[in-house]
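Here is how the chains run, residue by residue.
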Amino acid sequence: MVERFDLLLTDCRLATMVEGGVPYGAIEDGAILVRDGRIAWVGARTDLPDHEAVETRRLDGRWVTPGLIDCHTHLVFGGNRSHEFERRLGGATYEQIAREGGGIISTMAATRSASEDALVASALVRLRGLTATGVTTVEIKSGYGLDAENELKMLRAARRVGVEGGVRVSTSFLGLHALPPEHRESREAYLDLMIDEVLPAAHAEGLVDAVDAYCEPIAFTADEVARLFAEARSLDLPVKLHADQLSDGGGGALAAAHGALSADHVEHVDEAGVIAMARAGTVAVLLPGAWLMLRETKLPPIDLFRRHGVRMAVATDCNPGTSPVASMTAALNLACVQFRLTPEEALAGATRHAAAALGLSHQIGTLEAGKAADLVAWDVERPAELCYWLGAQLVQGLWVAGKLL
Ligand code: NIG
Ligand code: FE
């Protein structure tokens, strides 16, 4: 009996990104059959099973990759911080501006005064930059509300961005991003509020896929983060951490000790932290946009990650302060040029390893039967071109769960 499928992509080259075989898991002259939003079959065209497809797309030899995954963003926020950008170009540092009450706190004010609708609308504009560069899944954090009402508002907005933007969204609760001014004299009360009230309330509303925190001298301590992570565990939520971005605060080891999905930034992580991450299977999420914008000089220890077998993901960190980057291919380029990843490593970082950083390896990140039919067809001759161009429009077609966006 001939099997029926919803979609056949054929006459294409596949970068399956499946680990272990040929570079990029490439299949020259491949084909993909899609049914019910999933990849039903993928392989060499000559091996295609007997089929009937509702729709057939011939891709004239174009490359197809898994939909890219931007596993670290702050896509939902009010206003922007171009005034601080000008100050930083004039010599002020990120920490200095933060300590003066600017930085995250200035975005907090703009986010609090924005309606949920306005937050969705502005995030959708930035999302267009991501989907235009191949993104089908985006992680979005809270962390600019910093009170109950506004943290929930941000997370609801993030969920709506997924529905209205037609992509998968994975949310992270980042209540411990900065101490809001009204709690300057009552740090403990803020921790109680976020950990004991806001996180459980957001979780009860189905708004939280993971719990994140900013562990840094200008933000929260390891002990405070540990308290948050204990609550996350009791709610059965995975954790991740902004770790060792501006200094070595043992963030990589802390994340690993809590079995974190990922430790993000990690420019300053030391070898002991890297080894702990390797043992725990914690992914290193590299954010070269923030590194560029802050004019950092300390590179993340890429060779240590390689040597100890820590998987590396690459993300935009799209946010109004440190990384006004709304292009996934720009992040890939920067990961190669600044951090010296190979194009294959960078692309794994935006697919297979980014899926791991979100705990979604079973669902997305490679072209394999059973996974979601999140697919991108690219106007490139080789996969490395996805990292080579800076700012080119290369997407020829993008499908989320088998539907053309
Ligand atoms: O990932 N490091 C903390 N959080 C963001 C910056 C947020 C901001 O400056 O608004 C980051 O770099
Ligand atoms: Fe971030």
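Placed above this text is the structure.
Residues numbered from 1 in each chain as written. Chains lettered and ligands numbered in written order. Predicted model: local features only at pLDDT ≥ 70, side-chain atom pairs only at ≥ 80, totals over all residues. Heavy atoms only, no water.

### Things to note about the overall build of the protein
When you go through the protein residue by residue, the secondary structure sums to 15 helices and 15 strands. For 405 residues, the compact-globule estimate of 2.2 N^0.38 gives 22 Å, and the C-alpha radius of gyration of the protein, at 21 Å, lies within 12% of that figure. Expressed as a percentage of its 405 residues, the buried residues of the protein come to 58%. Pairs at least 24 apart in sequence give 71% of the contacts found in the protein among residues at least 6 apart. (Helix = DSSP H or I, 4+ residues; strand = E, 2+ residues; numbered from the N terminus. Rg over C-alpha atoms; globule rule 2.2 N^0.38 Å. Buried < 20%, exposed > 50% of the residue type's maximum accessible area, 1.4 Å probe, protein only. Contact = heavy atoms within 4.5 Å.)

### Focus on the pattern of salt bridges
Under the defined criterion, the tally for this structure stands at 28 salt bridges. Across the salt bridge formed by Asp 29 and Arg 45, the nearest N and O atoms sit 2.8 Å from each other. Of the two residues, Asp 29 is situated in strand E2 (residues 26-35) and Arg 45 in the loop between strand E3 (38-44) and strand E4 (51-66); the sequence distance between them amounts to 16 residues. Given a relative accessible area of 31%, Asp 29 falls into the partly exposed group. Bridged by salt links that share partners, the residues Glu 116, Asp 117, Arg 160 and Glu 164 form one connected network. (Salt bridge = Lys/Arg side-chain N within 4 Å of Asp/Glu carboxyl O.)

### Looking at the pairing of strand E14 (residues 395-400)
Pairing between strand E13 (residues 375-378) and E14: 4 bridges, direction antiparallel. Along E14, the bridge assignment pairs Val 376 with Leu 398. Here E14 pairs with strand E15 (residues 403-404) via 2 bridges, running antiparallel. Bridge pairing links Val 400 to Lys 403 in E15. (Pairing = 2+ DSSP bridges.)

### Some details on the site of ligand 1
Around ligand 1, a shell composed of 15 residues is seen, among which Arg 81, Tyr 94, Tyr 144, Asp 317 and Thr 322 lie nearest. Measuring from a nitrogen atom of ligand 1, one finds a side-chain N or O atom of Gln 245 at 3.0 Å. Note that an oxygen atom of ligand 1 is positioned 3.0 Å from one of the side-chain N or O atoms of His 265. Burial of ligand 1 by the protein amounts to 100% of the accessible area it has alone, namely 330 Å². Within the shell around ligand 1, the residues separate by chemical class into 4 nonpolar, 9 polar and 2 charged. (Near = heavy atom within 4 Å. Polar contact = N/O pair within 3.5 Å; in protein donor to acceptor, adjacent residues only side chain to side chain. Areas by Shrake-Rupley, 256 points an atom, 1.4 Å probe, with all protein chains shown as cover. Nonpolar A, V, L, I, M, F, W, Y, C, P; charged D, E, K, R; others polar.)

### Digging into the sheet that holds strand E7 (residues 168-176)
The strand order across the open sheet built from 8 strands is E5-E6-E7-E8-E9-E10-E11-E12, with neighbouring strands paired in parallel fashion. Single-partner strands in this sheet number two, and they are strand E5 (68-70) and strand E12 (312-314). Taking each pair of neighbouring strands and ignoring which way they run, the sheet shows an average axis angle of 25°. (Axes fitted to C-alpha atoms, helices over the stretch in contact; angles between N-to-C directions.)

### A few points about the sheet that holds E15
The pairing of strands in a sheet happens through backbone hydrogen bonds and is either parallel or antiparallel. Overall, mixed pairing links the 7 strands, which are arranged E3-E2-E1-E4-E13-E14-E15 in an open sheet. Every other strand in the sheet has two partners, leaving E3 and E15 as the edge strands with one partner each. In this sheet, E3 lies alongside E2 in antiparallel orientation, the contact comprising 6 bridges. Bridged to Arg 35 within E3 is Arg 38.

### Brief notes about the nonpolar core
Counting residues in each nonpolar core, the largest one holds 101 residues, and the members touching the most others are Val 211 and Phe 305. Here the element with the most residues in this core is helix H6 (residues 187-204); it accounts for 8 residues. Look past the residues within four positions of Val 211 in its chain and what remains in contact with it is Phe 173, Leu 199, Leu 228, Phe 229, Ala 232, Leu 237, Pro 238, Val 239 and Lys 240. Counting 15 residues, the second largest nonpolar core, distinct from the first, contains Cys 71, Val 285, Leu 287 and Ala 354. (Core = buried A, V, L, I, M, F, W, Y, C linked by side-chain atoms within 4.5 Å.)

### Some remarks on the side chain of Thr 366
Looking at the secondary structure, you find Thr 366 in the loop between helix H14 (352-357) and E13. Owing to a relative accessible area of 4%, Thr 366 belongs among the buried residues under this scheme. Among the polar contacts listed, one links the side chain of Thr 366 to the side chain of Lys 371, at a separation of 2.7 Å. Ignoring sequence-local partners within four residues, the contact set of Thr 366 consists of Thr 16, Met 17, Val 18, Ile 39, Pro 66, Arg 352 and Lys 371.

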